[in-house]
Amino acid sequence: MMMNSFYRNIITFVLIIFFTQEGIAKDTKEENFSNAVNSYTSGNYEEALRVWTDIYNTGYRSADLAYNIANANFKLNKIPDAILFYERAYLLNPADEDIEYNLMIARGLVTDKFEEIPELFFIRWYNFVALILSSNSWAKISLGTFVACLLMLSLYLYSSKYRNKVIGFWLAFSFLLISIFTISLSVRNRSLVYGNKFAVLFCPVVHGKSSPDDSGTDLFVLHEGTKVSVEDEVGEWLEIRLSDGNKGWVPSNCLQII
């Protein structure tokens, strides 16, 4: 009994230390974030960018943080970096009009202009809905509605009243559909946020090659800030697709994945 009590005390102590450190770390991030906001409003964009980037490099992710990093980069005329972080902020909060507007302004400063192949409206709508909530939030909704489905199914199976059976059946069916739809949104959100294949060019000028080597034929010329889709990888080369559908190979060190 004494040994069990000893281990229990050790576990309790470790948990207290862990959550205390978590709380301190959170308070420190919030304080640093606020200090960076003050630096930004006073015109010290470089200091604000340094602090926000340090927070980002700890692994913390939020639309506000990415948006502020993008704004600081934009003020410093680092357009590719600004576009990269506006795109990342948009993935975390696609309904934010400020993010969308600033991203449009930053894109307007890019040299390359291409006619985009329009995305099917229902795919665009589906992606927008998937990004409204996080992957974990959609998964929790899916789990909750699945439990509700089981409860309504039990009402259908065990109720002796016909009316209750009908209500139980249709509610169970409805909750099942919602559960399936929301888990698909969770998967889609994770694919868009963590499995993103889009990237931003950072080299001032890059030639799209017909093959993954310097001897390939030049197919097109791109400039920094252009958004592309990564299709394949061979060694230190990436095959990219432009918004107009053209494809070519570029050095991997010229891109940063969104």
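Conventions used here
- Residues numbered from 1 in each chain as written.
- Predicted model: local features only at pLDDT ≥ 70, side-chain atom pairs only at ≥ 80, totals over all residues.
- Heavy atoms only, no water.
- Helix = DSSP H or I, 4+ residues; strand = E, 2+ residues; numbered from the N terminus.
- Contact = heavy atoms within 4.5 Å.
- Disulfide = S-S within 2.5 Å.
- Buried < 20%, exposed > 50% of the residue type's maximum accessible area, 1.4 Å probe, protein only.
- Pairing = 2+ DSSP bridges.
- Core = buried A, V, L, I, M, F, W, Y, C linked by side-chain atoms within 4.5 Å.
- 1 Å grid on protein atoms, 1.4 Å probe; cavity = no way out; pocket = protein on both sides within 12 Å on 5 of 7 lines; lining within 4 Å.
- Points joined across faces, edges and corners; volume = space filled by probe spheres on them.
- Nonpolar A, V, L, I, M, F, W, Y, C, P; charged D, E, K, R; others polar.
- Expected span 1.5 Å × (residues − 1).
- Phe/Tyr/Trp six-rings, centres within 6.5 Å; stacked < 30°, edge-to-face > 60°.
- Lys NZ or Arg CZ within 6 Å of the ring centre and 35° of its normal.

Asker: Quick question: what am I supposed to make of the environment of Ile83 here?
Answerer: Here Ile83 shows up in helix 4 (residues 79-92). Residues Ile83 and Val110, spaced 27 residues apart in sequence, show a C-alpha to C-alpha distance of 9.5 Å. Other than its neighbours up to four places away in sequence, Ile83 contacts Leu103, Ala106, Arg107, Val110, Val200 and Gly225.

Asker: Where do I start with the state of the cysteines in this structure?
Answerer: Note on terminology: disulfide describes a covalent bond linking the sulfur atoms of two cysteines. Using the criterion set out here, one finds 1 disulfide in the structure. Between the sulfur of Cys203 and that of Cys254 lies a disulfide, 2.0 Å long from S to S. Its torsion about the S-S bond being -80 degrees, the disulfide of Cys203 and Cys254 is classed as left-handed. With Cys203 in the loop between strand 1 (198-201) and strand 2 (205-209) and Cys254 in the loop between strand 6 (247-251) and strand 7 (255-257), this pair connects stretches of sequence that are 51 residues apart. Accessibility expressed as a relative area gives 18% for Cys203, which makes it buried.

Asker: Please explain the side chain of Asn68 as it appears in this structure.
Answerer: With respect to the secondary-structure elements, Asn68 resides in helix 3 (residues 63-75). On the basis of relative accessible area, Asn68 is assigned to the buried category, the value being 17%. In contact with Asn68, not counting residues within four places along its chain, are Phe33 and Trp52.

Asker: I would appreciate a short explanation of the pairing of strand 5 (residues 237-241) in the present structure.
Answerer: Walk down a regular strand and you will see the side chains alternate between the two sheet faces. Taking burial as the measure, the 5 residues of strand 5 include 4 buried ones, the bulk of the element. Examined bridge by bridge, strand 4 (residues 227-234) and strand 5 share 5 bridges and lie antiparallel to one another. Each residue of the ladder has a partner; that of Val230, found in strand 5, is Ile240. Here strand 5 runs beside strand 6; their pairing, made up of 5 bridges, is antiparallel. Among the inter-strand pairings, Arg241 is bridged to a residue of strand 6, identified as Lys247. Hairpin geometry of strand 5 and strand 6 is characterised by an intervening segment of 5 residues between the two adjacent antiparallel strands and by a positive phi of about 105 degrees at Gly245.

Asker: What should I look at first to understand the nonpolar core in this one?
Answerer: Soluble, globular proteins show a tendency: their nonpolar side chains are buried together. The biggest cluster of nonpolar side chains holds 33 residues, and the ones touching the most others in it are Trp52, Ile69, Ile83, Phe85 and Tyr86. Contributions of two or more residues to this core are made by helix 1 (2-41), helix 2 (45-57), helix 3, helix 4, helix 5 (97-107) and helix 8 (162-194). The greatest single-element share of this core, amounting to 8 residues, is contributed by helix 4. Beyond its immediate sequence surroundings of up to four residues, Tyr86 is in contact with Tyr67, Ala70, Asn71, Phe74, Ile99, Asn102, Leu103 and Ala106. If you look at the next biggest cluster of nonpolar residues, it comprises 14 residues, including Ala199, Leu222, Val230 and Leu242.

Asker: Would you take a moment to explain the layout of surface pockets for this structure?
Answerer: Take a probe with the size of a water molecule and roll it over the atoms, and the empty space left behind shows itself. Approximately 470 Å³ is the volume found for the second largest pocket. Lining the second largest pocket are 21 residues, and of these Arg61, Leu91, Leu92, Val193 and Tyr194 sit closest to its centre. Considering every element that reaches the lining of the second largest pocket, the biggest residue donor is helix 8, with 4 residues. In terms of residue class, the lining of the second largest pocket is made up of 12 nonpolar, 6 polar and 3 charged.

Asker: Quick question: what am I supposed to make of helix 4 here?
Answerer: Residues spaced three or four apart along an α-helix face the same direction, because each turn holds 3.6 residues. Over its 14 residues, helix 4 runs 20 Å from end to end, which matches the ideal 20 Å to within 8%, given 1.5 Å per residue. Within helix 4, 11 of the 14 residues are buried, leaving the element largely enclosed by the surrounding structure. For helix 4, the complete set of buried residues consists of Ile79, Pro80, Ala82, Ile83, Leu84, Phe85, Tyr86, Glu87, Arg88, Ala89 and Leu91.

Asker: I keep staring at the packing of aromatic side chains and nothing clicks. Help me out?
Answerer: What the rule picks out here adds up to 9 aromatic pairs. Among the aromatic side chains, those forming a connected cluster through ring pairs are Phe33, Tyr40, Tyr45 and Trp52. Above the plane of the ring of Tyr156 lies Lys165, whose end atom (NZ or CZ) is 5.3 Å from the centre. A cation over an aromatic ring shows up here: Lys227 above the ring of Phe198, its NZ or CZ 4.6 Å from the ring centre.

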